[in-house]
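Remarks on the overall topology
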Amino acid sequence: MTEEHDALIDAVREFAAAELAPNAERWDADHHFPVDTLRRAGLLGLGGIYVREDVGGSGLSRLDAVAMFEELAKGDTTIAAYISIHNMVAWMIDTFGDDEQRRRWVPGLAAMTDLGSYCLTEPGAGSDATAITTSARRDGDDYVINGVKQFVSGAGASAVYIVMARTGEPGARGISAIVVPDGTPGLGFGRNEEKMGWHAQPTRQVILDDVRVPVANRLGAEGDGFGIAMRGLNGGRINIGACSVGGAQWTLDRAIRYVHERETFGAPLASNQSVVFTLADMETELQAARALLQRAANKLDEGASDVVAACAMAKRYATDAAFGVANSALQLHGGYGYLREYGIERVVRDLRVHQILEGTNEIMRLIVGRNLVHGAR
Amino acid sequence: MKIIVLVKEVPDTYGERKLDLETGLADRAASEAVLDEIGERALEVALSYADANEAEVVVMSMAPERAATTIRKGLAMGAASAVQVADPGLAGADLGLTARTLAAAIRTAGFDLVVTGNLSTDGSGGVLPAMLAELLEVPNLTALSSVEIAADSVSGTRDTDDGTMRLSAKLPAVISITEALPDARFPNFKGIMAAKKKPFETLSAADVGIDPQDLTAAASIMTAIAEKPPRSAGVKITDEGDAGVKIAEFLIENRLA
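I will try to describe carefully the structure that is included in this document. Bear in mind the structure is a predicted one, so any value in this text is a computation, not a measurement.

Criteria and cut-off values
- Residues numbered from 1 in each chain as written.
- Chains lettered and ligands numbered in written order.
- Predicted model: local features only at pLDDT ≥ 70, side-chain atom pairs only at ≥ 80, totals over all residues.
- Helix = DSSP H or I, 4+ residues; strand = E, 2+ residues; numbered from the N terminus.
- Rg over C-alpha atoms; globule rule 2.2 N^0.38 Å.
- Buried ≥ 20, exposed ≤ 12 C-beta atoms within 10 Å, placed from the backbone.
- Contact = placed C-beta atoms within 7 Å.
- Expected span 1.5 Å × (residues − 1).
- Pairing = 2+ DSSP bridges.
- Axes fitted to C-alpha atoms, helices over the stretch in contact; angles between N-to-C directions.
- Core = buried A, V, L, I, M, F, W, Y, C linked by C-beta atoms within 7 Å.
- Nonpolar A, V, L, I, M, F, W, Y, C, P; charged D, E, K, R; others polar.
- Parallel < 35°, antiparallel > 145°, perpendicular 65-115°, else oblique.
- Left-handed = near helix turned anticlockwise from the far one by under 90°.

1. What about the overall build of chain A?
- Summing up its helical and strand segments, chain A has 11 helices and 10 strands in all.
- Relative to the globule expectation of 21 Å for 377 residues, the C-alpha radius of gyration of chain A, 21 Å, shows essentially globular dimensions.
- Here the C-alpha coordinates of chain A stretch approximately 80 × 50 × 45 Å along the principal axes.
- Relative to its full complement of 377 residues, chain A shows a buried share of 53%.
- Sequence separation of 24 or more characterises 74% of the internal contacts of chain A that already satisfy a separation of 6 or more.

2. Focus on the overall build of chain B
- A count of helical and extended segments in chain B gives 6 helices and 12 strands.
- In terms of overall dimensions, chain B has C-alpha extents of about 65 × 45 × 45 Å along its principal axes.
- Considering chain B as a whole, with its 257 residues, one finds that 36% of them fall into the buried category.
- Expressed as a percentage of contacts within chain B between residues at least 6 apart in sequence, the contacts between residues at least 24 apart total 68%.

3. Things to note about helix α4 (residues 62–75) of chain A
- The terminal C-alpha atoms of α4 of chain A, which comprises 14 residues, lie 20 Å apart, in line with the 20 Å expected from a rise of 1.5 Å per residue.
- In terms of residue burial, α4 of chain A counts as a mostly covered element, since 14 of its 14 residues are buried.

4. Topic: the sheet that holds strand β7 (residues 140–144) of chain B
Residue and element names in this part refer to chain B.
- If you trace the 7 strands from one edge of the open sheet to the other, you get β7-β11-β6-β1-β4-β5-β12, paired in parallel fashion. In this open sheet, the two edge strands, each paired with only one partner strand, are β7 and β12 (200–203). Geometrically, the sheet is characterised by an average inter-axis angle of 20° between neighbouring strands, direction not taken into account.
- Here strand β6 (residues 113–117) runs beside strand β11 (residues 173–177); their pairing, made up of 5 bridges, is parallel. Bridge pairing in β11 links T116 to S176.
- On top of the sheet, helix α2 (residues 68–77) reaches β4 (56–62), β5 (81–85) and β12; it is set at about 155° to β5, its chief contact.

5. Some remarks on the nonpolar core
- If you look at the biggest cluster of nonpolar residues, it comprises 184 residues, and the most contacted ones within it are L293, A322 and A326 of chain A together with V5 of chain B.
- Considering every element that reaches this core, the biggest residue donor is helix α9 (residues 307–332) of chain A, with 18 residues.

6. Points about the pairing of strand β1 (residues 2–6) of chain B
All names here are of chain B.
- Counting buried positions over the 5 residues of β1 gives 4, a clear majority of the element.
- Here β1 pairs with β4 via 5 bridges, running parallel. Counterpart to I4 in the pairing with β4 is V58.
- As paired elements, β1 and β6 share 3 bridges and run parallel to each other.

7. A few points about unusual backbone geometry
- Put simply, L171 of chain B and P172 of chain B share a cis peptide bond, and its omega is 0°.
- Residue placement: P172 of chain B occurs in the loop between β10 (164–170) and β11.
- Of note in this structure, W198 of chain A is not a glycine but carries a positive phi near 55°.
- Residue position: W198 of chain A is located in the loop between β6 (187–189) and β7 (203–214).
- For W198 of chain A, a count of 24 C-beta atoms within 10 Å corresponds to the buried category.

8. With respect to the interface of chain A and chain B
- The interface of chain A with chain B comprises 12 residues on the first partner and 10 residues on the second.
- Of all the elements in the fold, those that place two or more residues in the side of chain A that touches chain B are α1 (3–20) and α3 (35–44) of chain A.
- Residue composition of the side of chain A that touches chain B, grouped by class: 7 nonpolar, 2 polar and 3 charged.

9. Some points on the pairing of strand β5 (residues 175–181) of chain A
Residues and elements named next belong to chain A.
- Counted residue by residue, β5 has 6 buried out of 7 residues, so it is predominantly covered.
- In this structure, strand β4 (residues 160–166) lies alongside β5, joined through 7 bridges in antiparallel fashion. Bridge pairing in β5 places V163 opposite I178.
- When β5 meets strand β8 (residues 218–219), the two strands line up antiparallel, connected through 2 bridges. Its bridge partner lying in β8, A177 is registered against L219.

10. Quick notes on the sheet that holds strand β9 (residues 153–159) of chain B
Residue and element names in this part refer to chain B.
- An order of β8-β9-β10 is seen for the 3 strands of this open sheet, with the pairing classed as antiparallel. Where the open sheet ends on each side, the last strands, each with one partner, are β8 (146–149) and β10. Each neighbouring strand pair of the sheet contributes to a mean axis angle of 15°, computed without reference to strand direction.
- Bridge analysis of β8 against β9 gives 4 bridges, and the strand direction is antiparallel. Bridge pairing in β9 links V147 to G156.

11. Describing the packing of helix α5 (residues 77–96) of chain A against helix α7 (residues 225–261) of chain A
Residues and elements named next belong to chain A.
- Taken N-terminus to C-terminus, the directions of α5 and α7 make an angle of 155°; their axes are 9 Å apart at the nearest point. In terms of their interaxial angle, α5 and α7 are classed as roughly antiparallel. Handedness of the crossing formed by α5 with α7: right-handed. Residues T77, A80, A81, S84, I85, N87, M88, W91, M92 and F96 of α5 touch α7, and the partners they reach there are I228, G232, G235, G236, N239, I240, C243, G246 and G247.
- When its residues are assigned to classes, the contact of α5 with α7 shows 10 nonpolar, 9 polar and no charged.

Everything listed here is a matter of geometry and, on its own, says nothing about what the molecule does.
This is the structure we're talking about:
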């Protein structure tokens, strides 16, 4: 790692310590989405980490990004995860948009004066994402979009929605990616879902009722949408994995401190070998997860041919391992771990959903496993 | 306008800070090295002026070679260039030698205004700004809690126990600031990337005409050093219905009330 990489990560660490960590507990309790703090994240350069510089991005690598998301998540896992989704949206427009689309939407996203949302999942189409039914009917130079998108992070607060909608035949090839700006007539939102965790970011349905946008808002060619959505998710998956590792690392650091301070049967918890072994396993799991994430990030940076499986593997491992680590940290804290004021239960709640979103961990296994089976054929 | 801001690499105050009992120097390996926060605030004073006015901001430090990474953070925050006086002969320099060296480097660079923190978190000397002004033969406004820079003058406020003073001086001048001034800006990614392309000048003591071994100059000599005694347990007051009175007595007895 270079001195410059270290300086970048230090800057993110300082931002997370100053702007996120002191507020995480309150934002969780109040269900507050800190849009103003996200603006400051944008000033730092976090709105378009691996977006090109000519449209305001930071032009950094995926390897830089995973280290950054880990640091952000130590401050606030939920906000780190939202920034990950936002970056996925900014990158999709930067990568698949034409020059006009890039210049129109990416600078605001990179600065985080505009927020972005990714709209793929539907009430009837989750893991089977090619089964989406939201339709975009061609009408002259416009698309008229109808349908409902489920579990959309940032919905209601975002300026830019990338909507995957059906423009043709059933299956993956009939899907296009279309940018719907906030304020377009017919664009509406469901109630803010009441969730187990991730309280500091809104999750709502996006309801499209005869939403009319120019055909010029489509990213790439008609029918490219599913591929674009999946390409976005490669990075989304390792970033979410990195958010998991960051949150879990924070709980491990807390647990290490706690087992020194807490005395049982006349001695600190740390004097029990079972406690030491637990800590050793937690550390090992997180280092293994980090190594898989860095490996996948390198493959993304290099454009390796097995990048999809590498990202899926890293996401599956990191989110499972990190949830286990955070849960162990809670157990080490005993009853106090279950109290809100210690913050551990919040991270456990926040990390649980990382095993589900950006592709469930079952789908991750399917990707890795299919790759093996097909590769052997 | 050319503004020189003095910055310093110090052991992080969040960590344990130790002295090396062999040499009497700060044990820099014992804790993480960071840019002193008061120096960052001093840099913020200069940068906010440069944001709105024509000004060149230079960060300067007298520090061992390895502190270059820390000093570069000043460039990432927005300073245009950096000057580091790094010389093995300056290790353990006392305040007199430090002031002579920095004054010489400041004179070599040329300046309209020098901005420093009021005191560092490691040495805690607090007299360097005044020594610099003396050597540079310019006015000195110390411990400012607010600063206004104009084209040919600088003014500000100093809060004291007895009241508030308004101070001003013609440029060139040396000022020192307190923690009342705003937090420094975060360096952003663009600043960090740009920092490596900015001029970074490393000078030896001889380059600025200083002989660290000059025996004709007055110097302080450290005669003894000891480890900080461990904290004692303190006084425990057990409440037998009269804890309030006992605490009050304790405070009065120790002149803490």
